[in-house]
Amino acid sequence: MRACRRRPPVAMAMPGRWAAAAQLLVLVVAVAAAALPPARGFSLPLQRPAECGDARYFDISRLACGPCGAHQRQSAGGSSCVCQPGYRMVSSNGGSSVICEKCPENMSGVTQDGWNCITCPKGLTSEGKCKCLNNEILVERRMDGILLNEALCIHCNGSEQSFSASDASGNRCVRCEQTFINVSKSCDCSSPNILTGGLCFSASESLPPKGVATVRFAQLGITLTSAWFLKNLQSSASACWLYSNLTACQALGNMCVMNMNSLSSSSTDACGLFQYIYVNTARLGIVHSIAFWRHNLPWLYYGDQPGLASQVLEANNFPAIFSFKGTDKDVKLQFIAASFDAAGNFLKWQSVEGGILQLCPDTQTKLNAAYAFGTTYQQNCKIPVSKILSDFANPIFYDLFLEYNGDNGQQYLWAVPVLNLNLQYSEMFVNQGSNMNNWLLTRRFFLVDALSGKENDLGKLPRVIRIASKITVSIRLVSHTQRGTIYPPLITIAYTDVLVQNPETQSVMVSFSVSYEMNQSEAQIQTDITLGVMGGLAVLWSLLKTAGWKRRTGSSIIDLQTVLKFLLFYAGDLANVFFIITVGTGIYWLVFFKAQQFVSVLLPLPSQEEDFVTYIACAFSLKALQFLQLLVSQLTIDIFFIDWERPKGKVLKAVEGEGVIKSAAAPVSIWRTYFIANEWNEIQTVRKINPLFQVLAVLFFLEVVGFSNLALMDSSSSLTRSSESFIAPWSRILRFGVSAALWLAIAFLQIIFFSVFYERFVEDKISQFVDLCCMSNISVFLLSHSCFGYYIHGRSVHGHADTNMEEMNMNLKREAENLCSQRGLLPNTDGQTFQISISRKMRLHYDRIHETLTRKRGPARLLDSSANTFEQSTRAYNTMNKFLNSFIDHVHKEMDYIVKDKLLLERILGMEFMEPIEKSIFYNDEGHSFSDVLYYGNETTLLIFDILFFSIVDLASQSFVLAAILTYLQQEIFRFIRNTLGQKNLASKTLVDERFLI
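Residues numbered from 1 in each chain as written. Predicted model: local features only at pLDDT ≥ 70, side-chain atom pairs only at ≥ 80, totals over all residues. Heavy atoms only, no water.

Moving on, we get to the overall build of the protein chain. Per the secondary structure count, the protein chain includes 22 helices and 37 strands. When the backbone C-alpha atoms are referred to their principal axes, the protein chain occupies close to 155 × 110 × 70 Å. Residues classed as buried in the protein chain amount to 46% of the 998 residues present. Taking the contacts inside the protein chain whose residues are at least 6 apart along the sequence as the reference set, 64% of them involve residues at least 24 apart. Looking at the protein chain as shown, the accessible area adds up to about 50400 Å², and 58% of this sits on carbon and sulfur atoms. The centroid of the 85 positive side-chain charges in the protein chain is displaced by 5 Å from the centroid of its 83 negative side-chain charges. (Helix = DSSP H or I, 4+ residues; strand = E, 2+ residues; numbered from the N terminus. Buried < 20%, exposed > 50% of the residue type's maximum accessible area, 1.4 Å probe, protein only. Contact = heavy atoms within 4.5 Å. Areas by Shrake-Rupley, 256 points an atom, 1.4 Å probe, with all protein chains shown as cover. Lys, Arg positive; Asp, Glu negative; His and termini not counted. Charge placed at Lys NZ, Arg CZ, Asp CG, Glu CD.)

Once that is clear, we can look at the pairing of strand 34 (residues 788-792). The element strand 34 is largely enclosed, with a buried count of 5 among its 5 residues. Side-chain alternation along strand 34 places Phe788, Tyr790 and Ile792 on one buried face and Gly789 and Tyr791 on a second face that is also buried. In terms of strand pairing, strand 33 (residues 778-783) meets strand 34 through 4 bridges, oriented antiparallel. Within strand 34, the position partnered with leucine 783 by the bridge is glycine 789. Hairpin connection of strand 33 to strand 34: 4 residues between the antiparallel strands. (Pairing = 2+ DSSP bridges.)

Even without a glycine there, the phi angle at asparagine 296 is positive, about 80°. Assignment of secondary structure puts asparagine 296 in the loop between strand 18 (290-294) and helix 6 (308-314). Since its relative accessible area comes to 22%, asparagine 296 is described here as partly exposed. Positive phi is not limited to glycine here, since histidine 928 has a value of about 55°.

Mapping glutamine 526 onto the fold places it in helix 10 (residues 521-553). Counting along the chain gives 323 residues from glutamine 526 to isoleucine 849, while the straight-line C-alpha distance between them is 57 Å.

Enumeration according to the criterion identifies 10 disulfides in this entry. Bridging cysteine 52 to cysteine 65, the disulfide has an S-S length of 2.0 Å. Where cysteine 52 bonds to cysteine 65 through sulfur, the torsion about that S-S bond is close to -80°, and the disulfide is left-handed. Linking cysteine 52 in the loop between helix 1 (2-35) and strand 1 (56-59) with cysteine 65 in strand 2 (residues 64-67), this pair joins segments that are 13 residues apart in sequence. One exposure class covers both cysteine 52 and cysteine 65, and it is buried. The disulfide that involves cysteine 156 links it to cysteine 173, with 1.9 Å between the sulfurs. An S-S torsion of about -85° defines the bridge between cysteine 156 and cysteine 173 as left-handed. Of the two residues, cysteine 156 is situated in the loop between strand 10 (147-155) and strand 11 (164-166) and cysteine 173 in strand 12 (residues 173-175); the sequence distance between them amounts to 17 residues. Overall, the relative accessible area of 33% leaves cysteine 173 in the partly exposed class. (Disulfide = S-S within 2.5 Å.)

Geometric values such as these leave the question of function open.
Right under this line is the structure:
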């Protein structure tokens, strides 16, 4: 109970203590914060172990250099201190926590572990340790571990009983190298025997020529003496030559590969020594019946005979077939490599999947996608030289094979040839040309060589490294195959020489690619033939168009204008030819490449697509020229609205200047003409499709549905791709094929929808305009050429249209019940639209009246006052209206016309055979072809122009979104131009004030 009573005072005291402690802590933090230099914040200087020097060490806790104590120096690792020579360690806790003590004069040496002093009978090393002579081992302790006062140097017995010598570290006696025993029956290789590379050779034996231990880096213009070659070249060549030592032969071959397999008749470098042994060991026979593979030697070359490369690459087919859909072995390239280290030791067989040959890092799935048959693969990146030196300190050499199964189920390997672009033959880069007959194919290759570029010390950084900066695996399909047969693959390698100066800042661009190709010459020939035939037909069609144009202009003289018109026609027709060829080509590759199971075609390479892109560019340029010519022709047509309305009664009208009132005919309302002009203005840019919907629908199917994935250069026909999968590069042919097919399909569906459903059940602006003309008692007279045009007969069957609502409804009812005559120009017909071919006399009379309509645009000095000008224009308008009224009513017998049907051939050719000499000709036109002067009648030209514009932007930017945006913008820009200038032309030709065209 007493304890319980005492707890409250203690508890009440605790908050006071914690509060005091907290206040003290806050004060300390505040003082520390105030003492912190504001400019430095939380920064610290960067120091590296190499910058500390001999008298300091790198403190790993402070990440900074710290001083070593007395009689101490930096350790080999740099992160601690060790005693100087002549001093032993008394204690050591790492870092600078080392205590050193000087050794006595009679025991000036220090043991290998640095803890004890010892007498060294044969001197000291630079580090103050005991040293022994060659073939002697150093002994500092007895068998039981007791330290000797004086170190012992025990000679290894090289006599016949033991044949022992000291190992590389000088700690043990081991059996000496076999060549010493073979040559001298001891471990001594004294004169006249030859010691090289740790091997002993007898002077009486026939040795290969003395090798030159140099490596040439041609890109840098540097030839240096390699420490690796200096140590191993001669010994490897001699052991390979004398003893057929397999490892030595492989090492010699590797040194030749590090020298880029370059051959010169006057050189005894690594490749020269290899060739010397190869030529002089023909008696040993060949391996696996391969003439270029000598027994005991690595297979480095296919031979240097001219034309041999084409035989290797094209004489035999690879004995397996591939498909786009099947088992793993059918759809994947099963590459396998035999790997060796620089010393010639066989490491292992390994599949190249998992990025074995790809220097750029990536996910396993994306790396392995390189070997999916039919997938064009491209990978490139920039790698720091420091990473290359750390990851590829020792080069690995590969002999690449392609695995396949024989008929008996046995697995076989097909050797893959290598085209080394850095190889020199007689000082010439024979593999860099396109002539296959000059190529010198090889077998073995490496990815990174950081060994041969070391000059003096193999333990130091190399002066130069050599990197396989561009690796391309080429797969060629056998011509006319239907079962996915290929020629042997070819791996092309380009190496880059890098002078190592600052590995941390230096970097190298590397790439790895797999390409597929087939002989495209036959396809090119067929394309050229098609282009020639269709181009010739386009010439004939353009000539017919030009002849029809000459007939419609009423001229028979071939002048410069005729030639220019022919060229414009030919530009449009040739654009159609290029468009048909490119669309057909794109859809052909899209269907036959993506849909095939057993491979019979492969996509053209990017370099082979240049002609295709050129065709698209030509088609766009020519179609743009045709489109601009169409735009100009539509903006310069002659048009007049004929008003058939007659005055109703008379009105009293004051005569200006006379002060009297006279009766006059009641004026006819102009509002019907304004109304028709407005409707015409509105339908000028109406199209058979909805352009905005067209662009959005194409973009939706490409980007949202995923049709754009069909343009990837891989075998997959799936519309969706996962984010983890490899995305192959785009094919420009497939991009055009996919986008053009979608454009045409969606446009075709739109045209079907509008013509079959929308225009029939909802709204048909062209037919409604014709009906509106009839209800308004207004006819439309159009001249698109000098002597050719269109006529819309809008004369009301009711005699007048300027009436009230009740009478208008009664007229419509009577017409619906067939209680009135038909609307046609001829009695008892419904034909309201005509193509007209007028005589020269009619055109001249029309021009004389029309001249007064447009005279207000003449010089100012020829004009009257504004009032008189308006009266003249009004008088001219009335005169034109009266003339055209009378012309339609056959009043002018000298300018009469006839109505007839066009011949079938005339309709097909789009021209008229009869020339209107005495009488004009009105051709019945049930197809409303007056829309040819509108956007509506030129949908094909507009659609092809949009497709080509979209494709050109996409090919340039590789972006369907940007292409869609710019295509819609150009549609709107040209629509605005067509509306604005068309409205001005309409106002100019019909005297309808622009203010009424809304």
